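Each chain is listed here by its residues.
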Amino acid sequence: MPPNEMSSEKALAKTEELLQQRADGDRVQVQSYHGTGPSSTFLHCKSKEPYDAYQHPNSSPIAVKRNLNLHLGMPFDPRNVKSIRRICKLLSDLLAFVETHLFRLFEAVPLRLRQTFLMKVWSLYLPLHRSTLGNRTGIHKDASFEYHALTTIMYWGRLFPVSIRRIRYSLSMLSVWHGPDIYPKMHGYGTKSLRSLIRESDGNVEKIKFDKHKNEVTLMKALSQRESDRPVSGYYIHHENSSMSESKSKKVLFYLYGGAFLGGDAKGNVHFGTKLSQKCNMDVFIPQYRLLPEYHFFDALDDIVRAYAYLIQVKGFDPENVVLFGISSGGGLVLRLLQRIVELQSQKQSLQSNRMLNVPRGAVLMSPFVDFTVPKGSFKEFRSMDLIVNESVCDEGVPYFSTLGDDTVRYEESPVNRSFEGLPPICLIVSEHECVYDQNIDMCNKARKAGISVDLGVWKYMCHVWPVLTAFLPEARSAIDFVCDWIDASDNKEVEE
């Protein structure tokens, strides 16, 4: 259906009405993210009260979809056309024979050249799209022209079958989207490749491999619940103004990448992590964790708690100087890590006396995946318009979560259904129109009910984890600013105290 043709005056009036209903001064701030219309705003909600996900009592994900421009504005869903599905299946099968070689060939091209080529193509495509299709292909006319242009490209991915290999390859390409000149700009590296940034003993990026048994590290032994001799591995990014020496006064971002527990890797996130290091003025540690289906969800969680223990006890960081940062499934792991720390606080008095079990300074959760139960609500309804978590991705990925256990286990292991008591302040950013919206608002409200401070940033019309798309979207750049401003504010608060 076509989007609601609301006039500018009515849209502004609606925004004012929303503010009047929800806010009294400091509770809600409406800020522009430079979209194409008067509704191009995001809500910054700092209230201690529950957040109303759909604004109206009778609203729901199904009702929301009725007022959006689905399927690029076409009057039909291409997935329901058998001939189109057959053609896409045939193309996918043909690609499967050669994709491994194509992936290797693409990886053989120098990274800087791939980054330059991508942005050159985008710079030619964007004005062409703006002058022809304009703002008619995204789910709402008030999204930025850039989002409409990206939608026109990415929409078609839902018509092709997805495999684990394709998921992993696409996620490993995050560094291609984050060349030095892409916001936030990476300064001081010139044309260095990723390989030249990563060195064993010098340079700004340090490759980590810590292979001592967990019994030799007290905190690691306490946090870990599985028998494993797997080393802690990943990449440690030193901020340009920090030294290589360990220091309890340094700040560090504990960065967990996303990928639905099926894809993602530490190396592919080094460029984005380096940019966050520079913009937030702190070190960044990106640990590697195991993935489904080769391993179990609990293996991933064990890798993360052991990596955190390494950061605190081996690297010597005070938890007060650690900010956790999680994207999608990485956000779910961040929340489970925090809940594990709090669970142990009353049991391990010796560790608590040494401050090692103090909770970190705070947590940034970017579209976190926190509900592992059977998909419902926005996760079920919004996949038809989410550019990342689309129907094909769900068809491939959702069945793997049955390996977590039966319905009871999946409910109990979902971070959103566990205790929020004792957690540190949280910065949560989410889109009203992405698949994890319902579970994120549920998490926010449960945390607030437990007395936890939650700074909530809610964007409109965006797909899942849109903030990583800073190369293309002004909405992504505003979200990164929101995160870094929150981290800076927590530092300033500490100075004032």
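Brief notes about the pairing of strand β7 (residues 283-287)
Among the 5 residues in β7, 5 count as buried, and that is most of the element. Because side chains alternate across β7, one face comprises the buried residues D283, F285 and P287, and the other comprises V284 and I286, equally buried. Across 4 bridges, strand β5 (residues 232-237) lies against β7 in antiparallel orientation. Following the sheet pairing, Y236 is matched in β7 by F285. Where strand β6 (residues 252-256) and β7 come together, 3 bridges link them in parallel fashion. In the strand pairing of β7, L253 is matched with V284. A crossover connection joins β6 to the parallel β7 through helix α9 (residues 270-280); in handedness this β-α-β unit is right-handed.

Examining α9
Think of an α-helix as 3.6 residues a turn; residues three or four steps apart then line up on the same face. Along α9, 10 of the 11 residues are buried, which leaves the element largely enclosed by surrounding structure. The set of residues buried in α9 consists of V270, H271, F272, G273, T274, K275, L276, S277, Q278 and C280. Within two residues after α9, N281 carries a phi angle of roughly 55 degrees, on the positive side.

A word on helix α4 (residues 111-132)
Given a rise of 1.5 Å per residue, 22 residues ought to cover 32 Å, and the 32 Å separating the end C-alpha atoms of α4 matches this to within 8%. Immediately beyond the C-terminal end of α4, within one or two residues, lies G134, with a positive phi of roughly 55 degrees.

Structural notes on the packing of helix α10 (residues 297-314) against helix α11 (residues 329-345)
Two numbers describe how α10 lies on α11: the axes approach to 10 Å, and their chain directions differ by 65 degrees. Seen from above, α10 lies across α11 with right-handed handedness. Mapping the contact onto sequence places F297, A300, L301, I304, V305 and Y308 in α10 and L333, R336, L337 and I341 in α11. Of the residues belonging to the contact of α10 with α11, the class tally is 9 nonpolar, no polar and 1 charged.

A short note on the confidence of the model for the protein
Confidence along the protein averages 85 in pLDDT terms, with 82% of residues attaining 70 or more. Within the model, the stretch residues 1-16 combines pLDDT values under 50 with 20 contacts to residues more than four positions away or in other chains. Within the model, the stretch residues 18-26 combines pLDDT values under 50 with 12 contacts to residues more than four positions away or in other chains.

The rules behind the values
- Residues numbered from 1 in each chain as written.
- Predicted model: local features only at pLDDT ≥ 70, side-chain atom pairs only at ≥ 80, totals over all residues.
- Heavy atoms only, no water.
- Buried < 20%, exposed > 50% of the residue type's maximum accessible area, 1.4 Å probe, protein only.
- Helix = DSSP H or I, 4+ residues; strand = E, 2+ residues; numbered from the N terminus.
- Pairing = 2+ DSSP bridges.
- Right-handed = clockwise from strand over helix to strand, strands pointing away.
- Expected span 1.5 Å × (residues − 1).
- Axes fitted to C-alpha atoms, helices over the stretch in contact; angles between N-to-C directions.
- Left-handed = near helix turned anticlockwise from the far one by under 90°.
- Contact = heavy atoms within 4.5 Å.
- Nonpolar A, V, L, I, M, F, W, Y, C, P; charged D, E, K, R; others polar.
- pLDDT = per-residue confidence, 0-100.

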